[in-house]
Amino acid sequence: MDKLSGRTVVLVPMAAEHVTELRRIRRTPEVRSRWGDVDTEPDWPFDDPDAVVYAILLDGTVRGLVQYGEEEEPMYRHASIDIFLDPAVHGQGAGQDAVRTLARHLIHDRGHHRLVIDPAADNEPAIRCYTAVGFRPVGVMRRYERDADGAGWHDGLLMDLLAEELRE
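Let me begin by describing the structure that accompanies this report. Keep in mind that what you see is a predicted model, and the values were worked out from it rather than measured.

### Some details on unusual backbone geometry
Backbone torsion omega between tryptophan 44 and proline 45 reads 10 degrees, so that peptide bond is classified as cis. Residue position: proline 45 is located in the loop between helix H2 (29-35) and strand S3 (52-58). One non-glycine residue, arginine 143, lies in the positive phi region at around 45 degrees. For arginine 143, a relative accessible area of 64% puts it in the exposed group.

The structure is reproduced here in structure tokens:
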């Protein structure tokens, strides 16, 4: 797994040296409200053997995480993306650059024709970010995901991107 370079971000394979900063970011109220309590996940971010995980570097500093998973069944082959960023860099284009960089890799290097991403349906900044890269809403998945506090459910927005729709 090689590093991937975008316009402003560099995606580097997850390593132990990134964990402390990523755990700090996961504990911020903005990220915790979407990704849940990292303190209940002692092996995170190395707990999912099916995920390929990158730290997002901006000017050499860890600013977030982006990961993908692949469905390898030939009839349904596609990849899915997840991302979070340090709230200190929200709204500065780093998310778009990271998603676009990973999407380019999944399409050009991994041969995927279709990618999916599934933000919370009320996460308007994330939806704008993914739309800018070329993702389109497919539908609302009702009561799709547990709330971060585990007390209830919220809707998810399924979005997908076909290879020819990637906005460079």
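Let us keep going from here.
### Digging into helix H1 (residues 16-26)
Within H1, the full set of buried residues consists of His18, Val19, Leu22, Arg23, Ile25 and Arg26. Looking down the long axis of H1, one finds its buried residues gathered within 150 degrees of arc, a one-sided arrangement. Counted as exposed and oriented over 90 degrees from the buried face of H1: Glu17 and Thr20. Contacts from the buried residues of H1 go to strand S2 (9-13), H2, S3, strand S4 (61-71) and strand S5 (78-85).

### Thoughts on the packing of aromatic side chains
For the structure shown, the criterion picks out three aromatic pairs. Geometrically, the ring pair formed by tryptophan 35 and phenylalanine 84 is edge-to-face, given 4.8 Å between the ring centres and 75 degrees between the ring planes. Residue tryptophan 35 is found in helix H2, and its partner phenylalanine 84 is found in strand S5; the two are separated by 49 residues along the sequence. Residue class for tryptophan 35 comes out partly exposed when judged on its relative accessible area of 24%. Of the residues examined, phenylalanine 84 reaches a relative accessible area of 4% and is grouped as buried. Put simply, the rings of Trp35, Trp44 and Phe84 touch in pairs and so form one group of aromatic residues. In this structure, arginine 26 is placed above the aromatic ring of tryptophan 44, and the distance from its NZ or CZ to the ring centre is 4.8 Å.

### Here we look at the side chain of histidine 112
Its place among the elements puts histidine 112 in the loop between helix H3 (94-109) and strand S6 (114-117). A polar atom in the side chain of histidine 112 sits 3.3 Å from the side chain of arginine 77. Apart from residues no more than four positions distant in its own chain, histidine 112 is found in contact with Glu70, Arg77, His78, Ala79, Leu106, Ile107 and Ala163.

### Focus on the sheet that holds S5
Within the open sheet, the eight strands sit side by side as S1-S2-S3-S4-S5-S6-S8-S7. Their pairing is mixed. Of all the strands in the sheet, the pair left with one neighbour each is strand S1 (4-5) and strand S7 (136-146). Sheet topology note: the S6/strand S8 (residues 153-162) ladder contains four bridges and is antiparallel. Paired with leucine 115 across the two strands is leucine 161, which belongs to S8. Packed onto the sheet, H3 meets S1, S2, S3, S4, S5, S6 and S8 and runs at close to 160 degrees relative to S5. Where helix H4 (residues 124-133) meets the sheet, it contacts S5, S6 and S8, and its direction lies at approximately 10 degrees from that of S8.

The rules behind each value
Residues numbered from 1 in each chain as written. Predicted model: local features only at pLDDT ≥ 70, side-chain atom pairs only at ≥ 80, totals over all residues. Heavy atoms only, no water. Helix = DSSP H or I, 4+ residues; strand = E, 2+ residues; numbered from the N terminus. Buried < 20%, exposed > 50% of the residue type's maximum accessible area, 1.4 Å probe, protein only. Arc of directions from axis to C-beta. Contact = heavy atoms within 4.5 Å. Phe/Tyr/Trp six-rings, centres within 6.5 Å; stacked < 30°, edge-to-face > 60°. Lys NZ or Arg CZ within 6 Å of the ring centre and 35° of its normal. Polar contact = N/O pair within 3.5 Å; in protein donor to acceptor, adjacent residues only side chain to side chain. Pairing = 2+ DSSP bridges. Axes fitted to C-alpha atoms, helices over the stretch in contact; angles between N-to-C directions.

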